[in-house]
Amino acid sequence: MQLEDKIILVTGAASGIGRQTCLTLAAHGVRIYASDLNAKGAVETCEEIQDAGGRATSLQHDVTDQASWCEVVEVIERQEGRLNGLVNSAGLMVVRPFHETEFELYRRQQTVNVDSVWLGCQATRTILSRSAASGGASVVNLSSILGLKGGAMHSAYCTSKGAVRLMSKAIAVEFGKLRIRVNSVHPGLVETPLGLGSMQDMIDHGAPMPSLEAAVSMVAQRTPLGRAAQPIDVANVIAFLCADESQYVTGSELVVDGGFTAQ
Ligand SMILES: NC(=O)c1ccc[n+]([C@@H]2O[C@H](COP(=O)([O-])OP(=O)(O)OC[C@H]3O[C@@H](n4cnc5c(N)ncnc54)[C@H](O)[C@@H]3O)[C@@H](O)[C@H]2O)c1
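Description of the structure in this document.

**Let's talk about the pairing of strand β2 (residues 31-36)**
Inference 1: Judged by how many residues are buried, β2 sits mostly within the fold: 6 of 6 residues are covered.
Inference 2: Of the two faces of β2, both are covered, the one formed by Arg31, Tyr33 and Ser35 as well as the one formed by Ile32, Ala34 and Asp36.
Inference 3: For the segment spanning strand β1 (residues 7-11), helix α1 (residues 16-27) and β2, crossover handedness is right-handed.
Inference 4: Sheet topology note: the β2/strand β3 (residues 56-60) ladder contains 5 bridges and is parallel. Among the inter-strand pairings, isoleucine 32 is bridged to a residue of β3, identified as alanine 56.
Inference 5: Where the polypeptide runs from β2 across helix α2 (residues 39-51) and back to β3, its parallel neighbour, the crossover connection is right-handed.

**Section: the pairing of strand β4 (residues 85-88)**
Inference 1: In β4, alternate side chains face the same way, and those of Gly85 and Val87 on one face and Leu86 and Asn88 on the other are all buried.
Inference 2: Bridge count for β1 against β4 is 3 bridges, and the pairing is parallel. Residue pairing across strands places valine 10 opposite valine 87, the latter belonging to β4.
Inference 3: Two elements, β4 and strand β5 (residues 137-142), share 4 bridges in a ladder whose sense is parallel. Within β5, the residue paired with asparagine 88 across the bridge is asparagine 141.
Inference 4: Handedness of the β4-helix α4 (residues 103-132)-β5 crossover: right-handed.

Rules and cut-offs
- Every chain is numbered independently, its residues counted from 1 as its sequence is written.
- In keeping with the predicted nature of the model, local features appear solely for residues at pLDDT of at least 70, side-chain atom pairs appear and are counted solely at 80 or more, and the whole-chain, interface and lining totals rest on all residues.
- Each residue is classed by its C-beta neighbour count within 10 Å, where at least 20 other C-beta atoms makes it buried, 12 or fewer makes it exposed, and intermediate counts make it partly exposed; the C-beta atoms are placed from backbone geometry.
- Counting from the N terminus, the helices are DSSP H or I runs at least four residues long and the strands are E runs at least two residues long.
- Look down the strands so they point away from you; if the path from the first strand over the helix to the second goes clockwise, the crossover is right-handed.
- DSSP-based pairing: two strands are paired if at least 2 bridges between them are found.

Here it is as structure tokens:
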């Protein structure tokens, strides 16, 4: 994949899909800016990249805060003068029956999962479009299969991921003339703190599953490829969407669910 010497900002880089995306992109020669609210976790991601001979800088970043986005872009502008890609992976998942989901919790879900993507696309538009003049630029937004289908106890989360799906398409239409591609990625269950935590939350809120292991095994049995995803399954797809090989792909939704939603 043509990724060598690109500069890519990954949010949610301290954990799960974001961390693995940083490692995978760095292994392809990308210079990584790894941002997260969890500064220590972002530093650890960068140390792992540097230990393997890659280049990475960690940034503390609250993706819900416009000023924080401005600071992050300013650092990249000052240090590099260009940015070839943005991966919006920071997120959280509220798991609660609809009637028990307080409005504040619902709002928090939209702020972290939806406002963050909006703010990120606005904050990076200028530097991405300038960098895109020589070879294009790419934005990858993490949605979910729960942005395509409904799920019990996931009304707030589904609302947020459905919004990310259509926001990505709408921005892709406007960013096309700037040569910035925008796509959404839709994983099924991925074994990360968020993915496994959400299964445990479902059990805690009365879902009829005896244990976390049993819940993951139930998902695996219902998945045509017979297992839940690992972060690398998603990171490889994100890398493709950041690479030159996907230069004619924009406004699309790439499902990474082992066939779960094909049934
Ligand atoms: N794991 C899954 O099963 C799954 C499935 C579909 C989609 N997704 C989506 O993929 C993305 C990554 O999920 P993951 O499983 O890697 O989760 P994770 O919990 O492992 O990592 C999420 C990261 O986002 C960071 N974060 C949260 N709020 C933030 C904020 N305000 N500012 C900056 N950083 C913040 C956290 O600190 C954490 O490091 C999320 O958008 C999630 O909704 C995950």
